[in-house]
Amino acid sequence: NLYANSGLLTVDGAITGGDDSTITLTSNGATPFQFTQINAGATGMVSITSANGIEQTSDDTGSNGITAQTVILNATDGDIFQSVGVGDTNLNLFGVKNLTIEAGDDVALNAQGSTLDFLSITTHGTTPDAASIELINMGGSQSLAVTDNGSGDFNLALTSPTLLDFSFTATATGIRTA
């Protein structure tokens, strides 16, 4: 566990634990928490809390991003994204089965073919245009589209041929299903 309760948590390089590791990172800096690679193993858990955002600062090569079975990303006032990439700005998730997201602004994630068993999303954004949510490359024929159908509400279209425990909370506007 690494906690920077009154400032920015800075990590230079990869954070690696073995299978079944728990990696908990908390940053209270004025800018997003930045990382290149966090690996808790195939059965591990990664939890990142940084109110002002979570930013992957490495490209799409190799296993850059987060590897863990359970991933919790909490950026209540910020974005969750990748700042260095070719063609997309999606933070990479490898082997994730249980995903919890809370964000105040945009969320851009790449599931890298992972099939989810659990997905919980909480957005504090006022509209889908002001706080977009993108989760691409889900495995097992799963897909999630979050759009604005013109009403300003979050419009959800979810497909999962396998059992998926799903919740979506919008704290500042409505929700519609497609």
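Heads up: these notes are all about the structure in this document. (Residues numbered from 1 in each chain as written. Predicted model: local features only at pLDDT ≥ 70, side-chain atom pairs only at ≥ 80, totals over all residues. Heavy atoms only, no water.)

What follows deals with the overall build of the chain. Of regular secondary structure, the chain possesses zero helices and 19 strands. Its C-alpha atoms give the chain a radius of gyration of 15 Å, near enough to 16 Å, the size a compact globule of 178 residues would have. Each of the three principal axes of the chain carries a C-alpha extent, and together these read 45 × 35 × 30 Å. Counting every position in the chain, which comprises 178 residues, the buried fraction comes to 46%. Considering only contacts within the chain whose residues lie at least 6 apart along the sequence, 47% involve residues at least 24 apart. Carbon and sulfur atoms form 47% of the exposed surface of the chain, whose accessible area is close to 7,600 Å². (Helix = DSSP H or I, 4+ residues; strand = E, 2+ residues; numbered from the N terminus. Rg over C-alpha atoms; globule rule 2.2 N^0.38 Å. Buried < 20%, exposed > 50% of the residue type's maximum accessible area, 1.4 Å probe, protein only. Contact = heavy atoms within 4.5 Å. Areas by Shrake-Rupley, 256 points an atom, 1.4 Å probe, with all protein chains shown as cover.)

Glancing now at the pattern of salt bridges. A complete count under the given rule lists one salt bridge for this structure. As a salt-bridge pair, Arg176 and Asp153 come within 2.9 Å of each other at their nearest N and O atoms. Taken together, the residues span a long stretch of sequence, with Arg176 in strand 19 (residues 175–177) and Asp153 in the loop between strand 16 (143–148) and strand 17 (154–159) at a distance of 23 residues. Taking the relative accessible area as the measure of exposure, Asp153 reaches 15% and is therefore buried. (Salt bridge = Lys/Arg side-chain N within 4 Å of Asp/Glu carboxyl O.)

Core analysis: the biggest nonpolar cluster contains 41 residues, and Ile38, Ile48, Ile66, Ile80, Leu99, Leu109 and Leu119 have the highest contact counts within it. Apart from the residues lying within four places of it in its own chain, the contact partners of Leu99 are Val71, Leu93, Leu109, Leu116, Phe118, Leu119, Ser120 and Leu135. (Core = buried A, V, L, I, M, F, W, Y, C linked by side-chain atoms within 4.5 Å.)

The next subject is the sheet that holds strand 16. If you walk across this open sheet you meet the three strands as 16-17-19, and the pairing is mixed. A strand with exactly one partner marks an edge of an open sheet, and here the two such strands are strand 16 and strand 19. Within the sheet, the average angular offset between the axes of one strand and its neighbour, ignoring direction, is 25°. Where strand 17 and strand 19 come together, three bridges link them in parallel fashion. Across the sheet, the residue bridging to Leu156 is Thr177, located in strand 19. (Pairing = 2+ DSSP bridges. Axes fitted to C-alpha atoms, helices over the stretch in contact; angles between N-to-C directions.)

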